[in-house]
Amino acid sequence: MMGLKLNAGTGIVAGFVLLVGAAGAWLAHSTQPEASTLPPDLGAPADFAQPQGTAPQVAQAPAPAAPAAPVDERFVIKRVLPITGPIKYGEWHWDAAGVPQGPLVVTVDLDARVLSVFQGGYEIGATAVLLGTTEKPTPLGVFPVKWKARDHHSRTYDNAPMPFTMNLTDDGVAIHGTKVEKGYASHGCVGVPNDFARKLFQIAEVGTKVYITKGKMVGKGDSLI
């Protein structure tokens, strides 16, 4: 009987110990935070780092083309003189009959050795010219007439006559009258026949632009400037 009581007591104590252990395990489990996952339709929170290269690409609209600069019709070539063949030394042409008023432009082509005069886009004059040498070349560029002198003489070259001078540069390059013959050259000036120089001198004003080019080809419909 003593042995049965001991066994019963031992069982009661063991049962109590198991009950307390189970309760502790339940309390420990209930105090741990539960892990959770985001619902698949919510995506990553805004402050999560995003993988590189996943930003949506936005198509860029092409930049509008710059509008073409308006063409000043006053400088568009509307007529060229009906000259047949190359202009010979000493030869010149002039026809301003019926040509409307317009800005004056003078062109000189070093390859063709020709000076042309345009009024409002109409060619009214053309002549063969004398040009500078290799040592004293006629310069390329755009040169407004700086000053004019009807009866001018060179201060550099033995007081040589330069009638109807239209000066282009500070170092003395000018358009002026001279005897235009094959085998002759200037010291950089553009020499034209005297009668032609007189006509040009009468209509060219200070500020008239002279375009000196080399081999530039233009024709009707092209702009002079």
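Up top is the structure these notes are about.
Structure report, in brief.

**Considerations on the sheet that holds strand 9 (residues 190–193)**
Spatial strand order, 6-7-8-9: 4 strands in an open sheet with mixed pairing. If you trace the sheet from one side to the other, it starts and ends with strand 6 (147–153) and strand 9, each paired once. The average undirected angle you get between the axes of adjacent strands in this sheet is 25 degrees. Note that strand 7 (residues 161–167) and strand 8 (residues 174–178) share 2 bridges and pair antiparallel. Within strand 8, the residue paired with Asn-167 across the bridge is Ala-174. Across the face of the sheet, helix 2 (residues 194–203) comes into contact with strand 6, strand 7, strand 8 and strand 9 while running at roughly 35 degrees to strand 7.

**Things to note about the packing of aromatic side chains**
The geometry of an aromatic ring pair comes down to the distance between the two centres and the angle between the two planes. Considering all chains together, one arrives at 3 aromatic pairs under this definition. Ring centres of Trp-94 and Phe-196 lie 5.3 Å apart, and the angle between their planes is 75 degrees; on these two criteria the pair is classed as edge-to-face. Placement of the pair is Trp-94 in strand 1 (residues 92–94) and Phe-196 in helix 2, with a sequence separation of 102 residues. Take Phe-196: its relative accessible area is 0%, and that puts it in the buried class. Counting every residue linked through ring pairs, the aromatic cluster contains Trp-92, Trp-94 and Phe-196. Lys-148 extends its terminal NZ or CZ atom over the ring of Phe-201, reaching a point 4.4 Å from the ring centre.

**Considering the pairing of strand 10 (residues 209–213)**
One ladder, built from 5 bridges, connects strand 2 (residues 104–109) with strand 10; its direction is parallel. Paired with Asp-109 across the two strands is Thr-213, which belongs to strand 10. Of the pairings in the sheet, the one linking strand 5 (residues 141–144) to strand 10 comprises 4 bridges and is antiparallel in character. From the neighbouring strand, Gly-141 faces strand 10, where its bridge partner is Ile-212.

Parameters at a glance
- Residues numbered from 1 in each chain as written.
- Predicted model: local features only at pLDDT ≥ 70, side-chain atom pairs only at ≥ 80, totals over all residues.
- Heavy atoms only, no water.
- Pairing = 2+ DSSP bridges.
- Helix = DSSP H or I, 4+ residues; strand = E, 2+ residues; numbered from the N terminus.
- Axes fitted to C-alpha atoms, helices over the stretch in contact; angles between N-to-C directions.
- Contact = heavy atoms within 4.5 Å.
- Phe/Tyr/Trp six-rings, centres within 6.5 Å; stacked < 30°, edge-to-face > 60°.
- Buried < 20%, exposed > 50% of the residue type's maximum accessible area, 1.4 Å probe, protein only.
- Lys NZ or Arg CZ within 6 Å of the ring centre and 35° of its normal.

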